[in-house]
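# Close look at the chain arrangement
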Amino acid sequence: MISMEKEKLKFAFYWAASCGGCEIAVLDIDEKILDVVAIADIVFWPVAMDIKYKDVEAMPDKYIDVCFFNGAIRTEEQEYMAKLLRKKSKVLLAFGSCAQLGGVPGLANVANRKEVFERAYLQSPSTNNPNSGTPKTSFKVPEGELKLPEFFDTVKTLDQTVDVDYYLPGCPPPSAQVAKAVEAIAKNELPPKGSVLAPVKSVCDECPRKKEDKKISKIYRVYEITPEPERCLLEQGIICMGPATRGGCETQCVSANMPCTGCGGPCPNEVEQGAAMMSALSSILGVGGERGPEYDAEKLVAQIKDPLGTFYKYSLPASLLKRRVIKE
Amino acid sequence: MTEFEPKIVGFLCNWCAYAGADLAGVSRIQYPPNIRIVRVMCSGRVDPVFILEAFRSGADGVLVAGCHLPSDCHYISGNFKAHRRIMMLKKLLLQFGIEPERLRIEWVSASEGDKFATVIKDMTEEIKKLGPSPLKVQVEGLIYG
């Protein structure tokens, strides 16, 4: 018994700029969580354990075997923890869209710190802030000085901050892929460093819907129509990110009659997801009617209300341009 | 200080616009030297990645030029696809805080050397007025890599 205990792996879980969904995803593997506990001890998990940062600081370097890191990097504290956990871990795994690509918190890259604070603390309709206070990194009180971590202008992905060994995409990562990853870790069968632990095919490839004739002239937003359940959503005029998104999710959203929004990240060999989707959509929008008298490319494209939010919903910090230009 | 000279990347299709640029050259038509030409087989070959990468690498403007609409495209409908792609990218660039005027699509046939020269003159002037790309200005402080 004692010798078995010694062979157990050490896992750590950490959350940075994320919603907490990735923590739930760990538990979503259901009874397989018992297999995880059988092979590994969890040495750090702020959401579930009372353990302090100083305890991690006290660990020897490379003490943790695998660190599952979810969330993007947007504060000084998260950056510090990313660097600390990198030092203390043999394998650092970017868990979920936010750590891999910046995720939904990464959409804050259309603004900067000042604008985020103004919106969150001053302008939002539900805010009552008579002194117009916004967070400061330090504040003097009679008892001494209070400190808060710095809030960055730009949200970064985990691998823009530290060296990352593996990526597990998804918002949150689908339980089947989490289980596979854990199995690979347990059997010591992890692929080469830098791999994305998901199938190489796109969501479209996994999608059971009928795809017949890819050409559309009218784009519908999700609330505007009730799509037929059997036919490709893109063919019905709903922007579905399936063609530009890596699969592995067993088309959960599409099966629920909702379009793919792209949480799986770009397909392998694709430079960035947004460009891939724009390219795909341009190729089918208005096809067939081009020589007709009604054809107007600008009007067709004007139907897309928010290209950045649609095509880069999870990948803005990892995109080529990374953020909106900051104007002084 | 010397006057700002914009850097413009031009993606020209093999069959029309590149031949048009060639004609401008052999006809010795004068136009500003601000354009760096990349020949592609079709304007429909221009992936949005090329354009975003050009801006990221410090281009002040990007020109995509191909065969006239509707029927000149050597591959029948590549120019239509390029047109929609550029329209979409212009909307996107605006959201990224880059002036959409920095990205242009033009139709230049193989016989329009003079039109090619006019387009380059016009675009160079317009971008000179806009000034250096705001992206280029902030690249230093960012995490590009």
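The model shown is predicted, which means the values in this text are computed figures rather than measured ones. (Residues numbered from 1 in each chain as written. Chains lettered and ligands numbered in written order. Predicted model: local features only at pLDDT ≥ 70, side-chain atom pairs only at ≥ 80, totals over all residues.)

On a plain count of helices and strands, chain B comes out with five helices and four strands. Counting from the amino terminus, helix and strand elements in chain B follow one another as β-α-β-α-β-α-β-α-α. Computed over the C-alpha atoms, the radius of gyration of chain B is 15 Å, within 12% of the 15 Å expected from 2.2 N^0.38 for a compact globule of 145 residues. For chain B, the spread of C-alpha atoms along the principal axes amounts to about 45 × 35 × 25 Å. Buried positions account for 51% of the 145 residues belonging to chain B. Partitioning the contacts of chain B with sequence separation of at least 6, the portion at a separation of at least 24 is 79%. (Helix = DSSP H or I, 4+ residues; strand = E, 2+ residues; numbered from the N terminus. Rg over C-alpha atoms; globule rule 2.2 N^0.38 Å. Buried ≥ 20, exposed ≤ 12 C-beta atoms within 10 Å, placed from the backbone. Contact = placed C-beta atoms within 7 Å.)

So, on to the overall build of chain A. A tally of helices and strands in chain A yields 13 helices and nine strands. Out of the 328 residues belonging to chain A, those deemed buried represent 41%. In chain A, the share of contacts with a sequence separation of at least 24, taken over all contacts with a separation of at least 6, comes to 72%.

All right, on to the interface of chain A and chain B then. Across the contact, 29 residues belong to chain A and 28 residues belong to chain B. Listing elements by their share of the side of chain A that touches chain B, those giving two or more residues are β8 (151-156), α11 (273-284), α12 (297-302) and α13 (307-311) of chain A. Of the residues belonging to the side of chain A that touches chain B, the class tally is 15 nonpolar, six polar and eight charged. (Nonpolar A, V, L, I, M, F, W, Y, C, P; charged D, E, K, R; others polar.)

As a further point, take the sheet that holds strand β2 (residues 35-40) of chain B. All names here are of chain B. Spatial strand order, β2-β1-β3-β4: four strands in an open sheet with parallel pairing. Across the chains shown, the open sheet's two edge strands, defined by having one partner strand only, are β2 and β4 (103-107). Ignoring strand direction, the axes of neighbouring strands in this sheet form an average angle of 20°. As paired elements, strand β3 (residues 61-66) and β4 share five bridges and run parallel to each other. Its bridge partner being in β4, Leu63 is matched across the sheet by Arg104. Relative to β3, helix α2 (residues 48-56) is tilted by about 150°, and along the sheet it contacts β1 (8-13), β3 and β4. (Pairing = 2+ DSSP bridges. Axes fitted to C-alpha atoms, helices over the stretch in contact; angles between N-to-C directions.)

A few words on the nonpolar core. B:Cys13, B:Phe55, B:Val62 and B:Val64 are the most contacted members of the largest nonpolar core, which has 80 residues in total. Per-element tally for this core: the top contributor is helix α3 (residues 78-95) of chain B, with seven residues. Not counting residues within four places of it along the chain, the set of residues in contact with B:Cys13 comprises B:Tyr18, B:Val40, B:Met41, B:Cys42, B:Ser43, B:Ala65, B:Gly66 and B:Cys67. Of all hydrophobic cores here, the second largest spans 44 residues; its members include A:Val26, A:Ile64, A:Leu92 and A:Val164. (Core = buried A, V, L, I, M, F, W, Y, C linked by C-beta atoms within 7 Å.)

Here we take up the confidence of the model for chain B. Residue and element names in this part refer to chain B. Residue-level pLDDT values for chain B average 92, and 93% of them are 70 or greater. For chain B, helix α5 (residues 134-138) is the element with the lowest average pLDDT, namely 74, and β3 is the one with the highest, namely 98. Scoring of the predicted complex yields 0.92 for pTM and 0.90 for ipTM. (pLDDT = per-residue confidence, 0-100.)

This part covers the domain arrangement of chain A. Residues and elements named next belong to chain A. Assigned domains of chain A: these are domain 1 (2-104 + 154-186), domain 2 (113-152) and domain 3 (199-323). The centre of domain 1, based on its C-alpha atoms, is set 31 Å off from the matching centre of domain 3. Across the boundary between the two partners, domain 1 contributes 17 residues, which contact 14 residues of domain 3. Put simply, the parts of the chain that give the side of domain 1 that touches domain 3 at least two residues each are α6 (97-101), β8 and α8 (175-186). (Domains from an automatic or database assignment.)

Our focus in this paragraph is the pairing of β2(B). Residues and elements named next belong to chain B. Across six bridges, the pairing between β1 and β2 is parallel. When the sheet's bridge partners are listed, Gly10 is paired in β2 with Ile37. Following the backbone out of β1, through helix α1 (residues 17-26) and into the adjacent parallel β2, one traces a crossover that is right-handed. (Right-handed = clockwise from strand over helix to strand, strands pointing away.)

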